[in-house]
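What follows is each chain in one-letter form.
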Amino acid sequence: MAQAYLTRGKRKVNGSIQIKSAKNSILPIICSTVLQKNDCELILVPKIKDVEELLNVVGLLGITSERVNENLIIHSQNITYSSLDCDFAKNFRASIFLVGAMLTRFKQCEISLPGGCDIGKRNIDIHLDALASLGARYEIVQDVLIFNGKNMHSGVVELRYPSVGATINTIFASLELEGITTIINPAKEPEIKDLASFLNSLGYVIVGAGSKKISIYGRKIFPKPIAYKPIGDRIVAGTLLVLTTILGGEIMLSNIEQDSLEPVIFYLKKVGAKIAKYQNAIYLYSNAKLKPFKIVTGPFPQFPTDMQSIFISLALCCNGKSEIVEKVFEDRFKVVDEFKKFGACIKKRENSIIIEGKKSLNGATVRATDLRAGAGLVLTALTIEDSCEIENIEVIMRGYEDFDKILRTLGQDIKKN
């Protein structure tokens with residue numbers, strides 16, 4: 001049965017939240033358990049749909065898991081090769097990360113072309129070119145990718161765009177190739193650094209993650225059981241910081257690295273929020289008197305595209321016109337029509353939008369078009385005194401654990417219907 005959020009807004013924020021481990025770190029780490037033959041315990045793992053769906057995919061390989069309190073324990077002792085030509089993989093974008101890991105473990109991989117949020121073209125050509133440059137052979141047969149990695153070798157892989165997924169797959173595929181594999185122009189996202197840290201803790205050797213060049217020193221290892229705490233989720237943290245900025249009040253977030261949020265913090269300060277940084281914690285105060293802004297999305301350390309829809313909510317509360325330029329995914333503005341149902345004044349200009357802030361908004365029923373767009377709609381609904389309904393919240397649940405409960409903890413009037 002479809003679920004929805006029901007809200008009534010205009011309540012200040014007050015409270016503190018411990019941020020759970022980052023979705024975009026957990027997913028590739030789960031994929032890496034294909035390489036292991038022991039237990040892996042991940043700490044502070046949120047109960048979100050994306051994690052559960054990936055566990056279903058790796059379950060086809062014999063990997064099992066269990067939750068102990070807030071931790072996730074993954075068992076890889078009984079892993080066996082299997083084709084991943086299935087709906088689980090087809091409907092879930094992160095399943096593509098399994099290719100590099102399976103090539104290292106099994107020298108082959110058969111997997112459905114991946115899906116994910118409808119936010120624009122997300123071609124995997126960069127993945128394919130990177131793996132091919134390391135000697136992997138592939139063909140596509142009726143929307144199924146078939147890889148042969150028996151003749152793979154180390155080498156230099158230059159990515160034409162710093163794709164997160166292609167960087168992950170190249171790292172996985174290179175881990176046990178004899179010699180040194182170098183990735184030029186890799187993704188620099190904090191989650192890439194976190195993955196490298198995790199793999200290094202297993203015994204692999206990865207140098208330069210987060211920089212312009214990553215080097216993987218190929219070596220065969222025998223991983224031991226490990227407990228690992230991924231970094232806090234910067235997008236969840238950014239969402240709650242924006243909520244506090246637009247509604248006014250104060251919030252303290254713990255278990256979050258400030259560097260990962262620097263592009264977001266920069267603009268929140270610019271619009272008028274007061275922010276203090278502590279060790280792995282961030283405090284924000286806002287009086288909700290906000291200045292307009294202009295942002296341009298791009299690969300880290302530029303402004304994250306995942307925060308773009310959420311900043312539409314911020315722009316609607318600023319005194320003047322703001323501009324958002326999207327340079328990563330061309331269909332991320334599909335949500336604009338949903339914001340307009342609130343009475344928002346937003347004009348599209350090819351890959352940018354102009355948002356007129358401080359307009360009177362009205363209650364409405366809207367539909368989450370993707371994960372982050374849905375979060376942005378929820379934030380805007382909480383600025384409106386009238387009742388609002390946000391439908392299709394299943395996509396929001398892909399990346400936010402108990403979103404309504406967290407918001408109620410912060411003083412908001414929201415419930416799940």
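Quantities reported herein were computed from a predicted structural model and do not represent experimental measurements.

Considerations on the overall build of the protein chain
Thinking step 1. Helix and strand counts for the protein chain stand at 13 helices and 23 strands.
Thinking step 2. Against the 2.2 N^0.38 benchmark of 22 Å for 417 residues, the protein chain shows a C-alpha radius of gyration of 21 Å, consistent with a compact globule.
Thinking step 3. On the principal axes, the C-alpha backbone points of the protein chain span a range of 65 × 45 × 45 Å.
Thinking step 4. With 417 residues in all, the protein chain has 58% of them scored as buried.
Thinking step 5. Nonlocal contacts in the protein chain, meaning residues at least 24 apart in sequence, comprise 72% of its contacts between residues at least 6 apart.

Points about the packing of helix α5 (residues 125-133) against helix α6 (residues 164-174)
Two packed helices can be described by the angle between their axes and the distance between those axes.
Thinking step 1. In the contact formed by α5 and α6, the axes pass within 8 Å of each other and the chain directions differ by 25°. Put simply, α5 runs roughly parallel to α6. In the crossing of α5 with α6, the sense of the turn from one axis to the other is right-handed. From α5, Ile126, His127, Ala130 and Leu131 reach across to α6, where they touch Gly165, Ala166, Asn169, Thr170 and Ala173.

Thoughts on the sheet that holds strand β3 (residues 39-42)
Thinking step 1. The four strands lie next to each other as β4-β5-β3-β13, forming an open sheet whose pairing is mixed. Of all strands in the sheet, those with a lone pairing partner are β4 (64-68) and β13 (226-228), marking the two edges. Strand-to-strand twist across the sheet, computed as the mean angle between neighbouring axes with direction ignored, equals 20°.
Thinking step 2. When β3 meets β13, the two strands line up parallel, connected through three bridges. Residue Leu42 lies in a different strand from β13, and its bridge partner there is Tyr228.
Thinking step 3. Running over the sheet, helix α1 (residues 23-32) touches β3, β5 (71-75) and β13 and is turned about 175° from β3.
Thinking step 4. Sitting on the sheet, helix α7 (residues 190-202) is in contact with β3 and β13, with an inclination near 160° to β13.

As for the packing of aromatic side chains
Thinking step 1. Tallied over the full model, the rule gives nine aromatic pairs.
Thinking step 2. Measuring from ring centre to ring centre gives 5.2 Å for Phe198 and Tyr228, while their planes differ by 75°; the resulting arrangement is edge-to-face. In this pair, Phe198 sits in helix α7 while Tyr228 sits in strand β13, placing the two residues 30 residues apart along the sequence.
Thinking step 3. Given the relative accessible area of 10%, Tyr228 is considered buried.
Thinking step 4. Taken together through their ring pairs, the aromatic side chains of Phe266, Tyr267, Phe293, Phe303 and Phe311 make up a single cluster.

Details of the side chain of Thr380
Thinking step 1. In this fold, Thr380 is placed in helix α12 (residues 371-381).
Thinking step 2. Assessed through its relative accessible area of 1%, Thr380 is described here as buried.
Thinking step 3. Within the local environment of Thr380, its side chain forms a polar contact with the side chain of Ser313, the two groups lying 3.0 Å apart.
Thinking step 4. Apart from the residues lying within four places of it in its own chain, the contact partners of Thr380 are Ser313, Leu316, Phe339, Phe342 and Leu361.

Some words on empty space enclosed by the protein
Thinking step 1. The full count for this structure, using the stated rule, is one cavity of 30 Å³ or more.
Thinking step 2. The space that makes up the largest cavity amounts to roughly 30 Å³.
Thinking step 3. Around the largest cavity sit Leu103, Thr104, Lys107, Gly149, Met152, Ala173, Glu176 and Leu177, which together line it.
Thinking step 4. Across the lining of the largest cavity, the residue classes tally to four nonpolar, two polar and two charged.

Some points on the sheet that holds strand β8 (residues 144-148)
Strand pairing in a sheet relies on backbone hydrogen bonds. The paired strands run either parallel or antiparallel.
Thinking step 1. If you trace the three strands from one edge of the open sheet to the other, you get β6-β8-β7, paired in antiparallel fashion. Two strands lie at the open edges of the sheet, namely β6 (108-112) and β7 (137-141), each paired on one side alone. Strand-to-strand twist across the sheet, computed as the mean angle between neighbouring axes with direction ignored, equals 15°.
Thinking step 2. Taken together, the five bridges between β6 and β8 define a ladder with antiparallel strand orientation. From the neighbouring strand, Gln108 faces β8, where its bridge partner is Asn148.
Thinking step 3. Sitting on the sheet, helix α4 (residues 98-106) is in contact with β6 and β8, with an inclination near 150° to β6.

A short note on the pattern of salt bridges
Thinking step 1. Under the definition given, this model contains 14 salt bridges.
Thinking step 2. For Glu52, the salt bridge goes to Arg67, with nearest N and O atoms at 3.1 Å. Within this pair, whereas Glu52 is found in helix α2 (residues 49-59), its partner Arg67 is found in strand β4, the two being separated by 15 residues in sequence.
Thinking step 3. The salt bridge involving Glu191 is made with Arg234; its shortest N-O contact spans 2.8 Å. Of this pair, Glu191 sits in helix α7 while Arg234 sits in helix α8 (residues 234-247), and the two are 43 residues apart along the sequence. Residue Glu191 shares its accessibility class with Arg234, and that shared class is buried.
Thinking step 4. It is possible to trace a salt-bridge network through shared partners that takes in Lys20, Glu70 and Glu401.

Re the nonpolar core
Thinking step 1. Counting residues in each nonpolar core, the largest one holds 72 residues, and the members touching the most others are Leu268, Phe311, Leu314, Phe342 and Ile396.
Thinking step 2. Element by element, the count of residues in this core is highest for α8, at nine residues.
Thinking step 3. Residue contacts for Leu268: discarding those within four places in its chain leaves Leu241, Val242, Thr245, Ala273, Ile275, Leu284, Phe311 and Leu314.
Thinking step 4. Judged by nonpolar contacts, the second largest core, of 68 residues, contains Leu27, Cys40, Leu103 and Ala196.

Some words on the packing of α4 against α6
Thinking step 1. The contact between α4 and α6 brings their axes to 7 Å, and the two run at 5°. By the angle between their axes, α4 is roughly parallel relative to α6. Seen from α4, the contacting residues are Leu98, Val99, Gly100, Ala101 and Thr104; seen from α6, they are Asn169, Phe172, Ala173 and Ser174.

Here is what the cut-offs are and how they apply
Residues numbered from 1 in each chain as written. Predicted model: local features only at pLDDT ≥ 70, side-chain atom pairs only at ≥ 80, totals over all residues. Heavy atoms only, no water. Helix = DSSP H or I, 4+ residues; strand = E, 2+ residues; numbered from the N terminus. Rg over C-alpha atoms; globule rule 2.2 N^0.38 Å. Buried < 20%, exposed > 50% of the residue type's maximum accessible area, 1.4 Å probe, protein only. Contact = heavy atoms within 4.5 Å. Axes fitted to C-alpha atoms, helices over the stretch in contact; angles between N-to-C directions. Parallel < 35°, antiparallel > 145°, perpendicular 65-115°, else oblique. Left-handed = near helix turned anticlockwise from the far one by under 90°. Pairing = 2+ DSSP bridges. Phe/Tyr/Trp six-rings, centres within 6.5 Å; stacked < 30°, edge-to-face > 60°. Polar contact = N/O pair within 3.5 Å; in protein donor to acceptor, adjacent residues only side chain to side chain. 1 Å grid on protein atoms, 1.4 Å probe; cavity = no way out; pocket = protein on both sides within 12 Å on 5 of 7 lines; lining within 4 Å. Points joined across faces, edges and corners; volume = space filled by probe spheres on them. Nonpolar A, V, L, I, M, F, W, Y, C, P; charged D, E, K, R; others polar. Salt bridge = Lys/Arg side-chain N within 4 Å of Asp/Glu carboxyl O. Core = buried A, V, L, I, M, F, W, Y, C linked by side-chain atoms within 4.5 Å.

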